[in-house]
Amino acid sequence: MSSSDIFIGETIGTAILILLGGGVCAAVTLKASKARNAGWLAITFGWGFAVLTAVYTSAPLSGAHLNPAVTLALAIKDDDWSNVPVYWAGQLLGAALGAALVWVAYYGQFHAHLTDKEIVGGPGAQATAAKAVEAQEQGAGPVLGVFSTGPEIRVAWQNLATEIVGTVVLVLAVLTQGLNDKGNGLGTLGALITSLVVVSIGLSLGGPTGYAINPARDLGPRIVHALLPLPNKGGSDWGYAWIPVVGPLIGGAIAAGIYNVAFA
């Protein structure tokens, strides 16, 4: 795989991942969406299908890492760091592009949601949702969850540990099923397995933090949230932003270590 193929593949694949994953979050969250209040099951399966689609699309070009933690783990496993910056650059750019496309697809719904007085408060508002008030007090705007993750209870060490553990499970599953025989991407069964693992992590471990388990998935859309001209969007919660970046990277490194000790 050439550097250009890797960069293009990771950009396209991660953009699809965030477009469909962030899209299901928008569908469940925003007013005037037909899927509003569909719940956590819709989100977890939506993200699983997003992984499946992204992997199928990008695997022939880049091997479909789509996650800096996966790239780090493979570099540790194979002791080959030559393409890590290219993978990471494509993943971050793709995540940002995917988040911007979510905004385009739900433009009217974002406007309706963020100008609703029951959501954002203001003169004439009868009530502001308690959860929205709590989130804004903690630095997160009322639609940040469409773009990035956040904890239900802020305990830094627990939030970090949850992201580490979830990422270890994901990356171990990727490493142990391996790449296909040609080494240029996940096989079709591997893509399905990975997507189901993501669903499983979401259902079992996603409740405390929203299961970023992917630094690019969280950081790229958070940057887009900070830049987009959304009315009443509130803060981007940069005080928490390090956890879904550092936690998955630590988890990826631990998973690679476990693989090298137990499976290599």
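Residues numbered from 1 in each chain as written. Predicted model: local features only at pLDDT ≥ 70, side-chain atom pairs only at ≥ 80, totals over all residues. Heavy atoms only, no water.

So what exactly am I meant to see when it comes to the overall build of the protein chain here?
Scanning the protein chain for helices and strands turns up 12 helices and 0 strands. In sequence order, the secondary structure elements of the protein chain are arranged as α-α-α-α-α-α-α-α-α-α-α-α. Expressed as a percentage of the 264 residues in the protein chain, the buried residues total 49%. Across the protein chain, every contact between residues at least 6 apart in sequence was considered, and the portion connecting residues at least 24 apart equals 78%. Counting every atom, the protein chain has about 11400 Å² of accessible surface; 66% of that belongs to carbon and sulfur. (Helix = DSSP H or I, 4+ residues; strand = E, 2+ residues; numbered from the N terminus. Buried < 20%, exposed > 50% of the residue type's maximum accessible area, 1.4 Å probe, protein only. Contact = heavy atoms within 4.5 Å. Areas by Shrake-Rupley, 256 points an atom, 1.4 Å probe, with all protein chains shown as cover.)

What's the story with the pattern of salt bridges in this structure? I'm lost.
Between side chains of opposite charge, a pair can form when the charged atoms approach closely. Across all of its chains, the model carries 4 salt bridges by this definition. For Asp 78, the salt bridge goes to Lys 77, with nearest N and O atoms at 3.0 Å. For Asp 78, a relative accessible area of 46% corresponds to the partly exposed category. For Asp 237, the salt bridge is made with Arg 154, and the minimal N-O distance between the two is 2.4 Å. Placement of Asp 237 in the loop between helix H11 (215–227) and helix H12 (243–262) and of Arg 154 in the loop between helix H8 (144–147) and helix H9 (156–177) is noted, with a sequence separation of 83 residues between them. A relative accessible area of 6% means that Asp 237 is categorised as buried. (Salt bridge = Lys/Arg side-chain N within 4 Å of Asp/Glu carboxyl O.)

Could you clarify how one ought to interpret the side chain of Thr 11 in this entry?
Note that Thr 11 resides in helix H1 (residues 3–29). On the basis of relative accessible area, Thr 11 is assigned to the buried category, the value being 10%. Within the structure, Thr 11 has its side chain in polar contact with the backbone oxygen of Gly 90 (distance 3.5 Å). Excluding its chain neighbours within four sequence positions, the residues that come into contact with Thr 11 are Gly 90, Leu 93, Gly 94 and Leu 97. (Polar contact = N/O pair within 3.5 Å; in protein donor to acceptor, adjacent residues only side chain to side chain.)

What am I meant to see in H12 here?
In an α-helix there are 3.6 residues to a turn, and that puts residues three or four apart on one side. Here H12 is 20 residues long and its end C-alpha atoms lie 28 Å apart, about the 28 Å a rise of 1.5 Å per residue gives. Where H12 is concerned, the buried positions are Ile 243, Pro 244, Val 245, Gly 247, Pro 248, Gly 251, Gly 252, Ala 255, Ala 256 and Tyr 259. The elements touched by buried residues of H12 are helix H3 (68–78), H9 and H11. (Expected span 1.5 Å × (residues − 1).)

It is not clear to me how a nonpolar patch on the surface should be interpreted in this structure. Could you clarify?
Among the surface-exposed residues, Trp 242, Val 246, Ile 250, Ile 254, Ile 258 and Phe 263 lie close enough to one another that they form a single nonpolar patch of about 490 Å² accessible area. As for its placement among the helices and strands, Val 246 is situated in helix H12. Taking the relative accessible area as the measure of exposure, Val 246 reaches 32% and is therefore partly exposed. (Patch = residues over 30% accessible without salt bridge, like charges linked within 9 Å, V, L, I, M, F, W, Y side chains within 5 Å.)

For this particular structure, what's the right way to read the confidence of the model for the protein chain?
Detailed reading of the predicted model is not advised wherever pLDDT is low. The predicted model of the protein chain averages 91 in pLDDT, with 89% of residues at 70 or higher. Segment residues 124–137 is flagged for pLDDT under 50; beyond a separation of four residues in sequence, or across chains, it makes 17 contacts in the model. (pLDDT = per-residue confidence, 0-100.)

Looking at this model, I keep getting lost on the nonpolar core. Mind explaining?
Considering soluble globular proteins, one finds that nonpolar side chains tend to be buried as a cluster. By size, the foremost hydrophobic cluster in this structure holds 55 residues, and its most contacted members are Trp 47, Phe 110, Val 143, Val 146 and Phe 147. Examining the composition of this core, we find that 9 residues originate from one element, H9, more than from any other. Residues in contact with Phe 110, not counting those within four places in the same chain, are Leu 30, Val 102, Trp 103, Val 143, Val 146, Phe 147 and Leu 230. (Core = buried A, V, L, I, M, F, W, Y, C linked by side-chain atoms within 4.5 Å.)

Could you clarify how one ought to interpret the environment of His 225 in this entry?
Note on placement: His 225 falls in helix H11. Measuring from C-alpha to C-alpha, the distance between His 225 and Ala 99 comes to 8.1 Å, with 126 residues separating the pair along the chain. With residues near it in sequence (within four places) discarded, His 225 still touches Val 143, Leu 144, Phe 147, Lys 233, Gly 234, Gly 235 and Ser 236.

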